[in-house]
Amino acid sequence: MRIIADGSTPLSRAALADALENDDGLTFEPTAPLFLAAGDRLRFEDDALVVLRDGGVRHDLLGDWYWRCRIRPTGAGSRAPAAR
């Protein structure tokens, strides 16, 4: 699903996200899967991803940024699939 993160375009439906990519090839992976409600607005600010909710509630999300082509670490706690 393509989500516009301009801070003013509301989501048309609810979504569950474990990573969000921007047009520059960077991926933001929140520390926990993120539930986005219909009507939420997203904005990338400096090194953070911000969720703006109805009523002016603002959530600065914790997580990691990395390039899309980065090799994810494997091992304990990793979500990468195990080698066969």
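Here's a quick rundown of the structure. (Residues numbered from 1 in each chain as written. Predicted model: local features only at pLDDT ≥ 70, side-chain atom pairs only at ≥ 80, totals over all residues. Heavy atoms only, no water.)

### A short note on the nonpolar core
Working step 1: Ranked by size, the top nonpolar core spans 10 residues in total: L11, A17, L20, F28, L34, L36, L42, L49, V51 and L61.
Working step 2: Looking at this core, the elements with two or more residues in it are strand 4 (34-36) and strand 6 (48-52).
Working step 3: Beyond its immediate stretch of four places on either side in the chain, L36 contacts I3, L11, R13, A14, A15, L42, V51 and R53. (Core = buried A, V, L, I, M, F, W, Y, C linked by side-chain atoms within 4.5 Å. Buried < 20%, exposed > 50% of the residue type's maximum accessible area, 1.4 Å probe, protein only. Helix = DSSP H or I, 4+ residues; strand = E, 2+ residues; numbered from the N terminus. Contact = heavy atoms within 4.5 Å.)

### Let's talk about the pairing of strand 7 (residues 58-61)
Working step 1: Relative to strand 7, strand 6 runs antiparallel, the two sharing four bridges. Pairing of V51 across the sheet is with H59, part of strand 7. (Pairing = 2+ DSSP bridges.)

### Structural notes on the sheet that holds strand 3 (residues 26-30)
Working step 1: Taken together, three strands build an open sheet; the order of strands is 2-3-8 and the sheet is antiparallel. The two strands at the open ends of the sheet, each matched to only one other strand, are strand 2 (20-21) and strand 8 (63-67).
Working step 2: For strand 2 and strand 3, the ladder comprises two bridges, and the chain directions are antiparallel. The residue of strand 3 that forms the bridge with E21 is T27.

### Things to note about the sheet that holds strand 5 (residues 41-45)
Working step 1: With respect to topology, three strands assemble into an open sheet ordered 5-6-7, the strand pairing being antiparallel. The open sheet terminates on both sides in strands that have one partner only, identified here as strand 5 and strand 7. The average angle at which neighbouring strand axes cross in this sheet is 25 degrees, direction not considered. (Axes fitted to C-alpha atoms, helices over the stretch in contact; angles between N-to-C directions.)

### Overview of the packing of aromatic side chains
Working step 1: Applying the stated criterion across every chain yields a total of two aromatic pairs.
Working step 2: Ring geometry for F44 versus W65: centroids 5.3 Å apart, planes at 55 degrees, classification tilted. A residue pair is termed long-range when its members are at least 10 positions apart, and F44 in strand 5 and W65 in strand 8 qualify at 21 residues.
Working step 3: Looking at W65, the relative accessible area reads 26%, which means it is partly exposed.
Working step 4: Among the aromatic residues, those joined into a cluster by ring pairs are F28, F44 and W65. (Phe/Tyr/Trp six-rings, centres within 6.5 Å; stacked < 30°, edge-to-face > 60°.)

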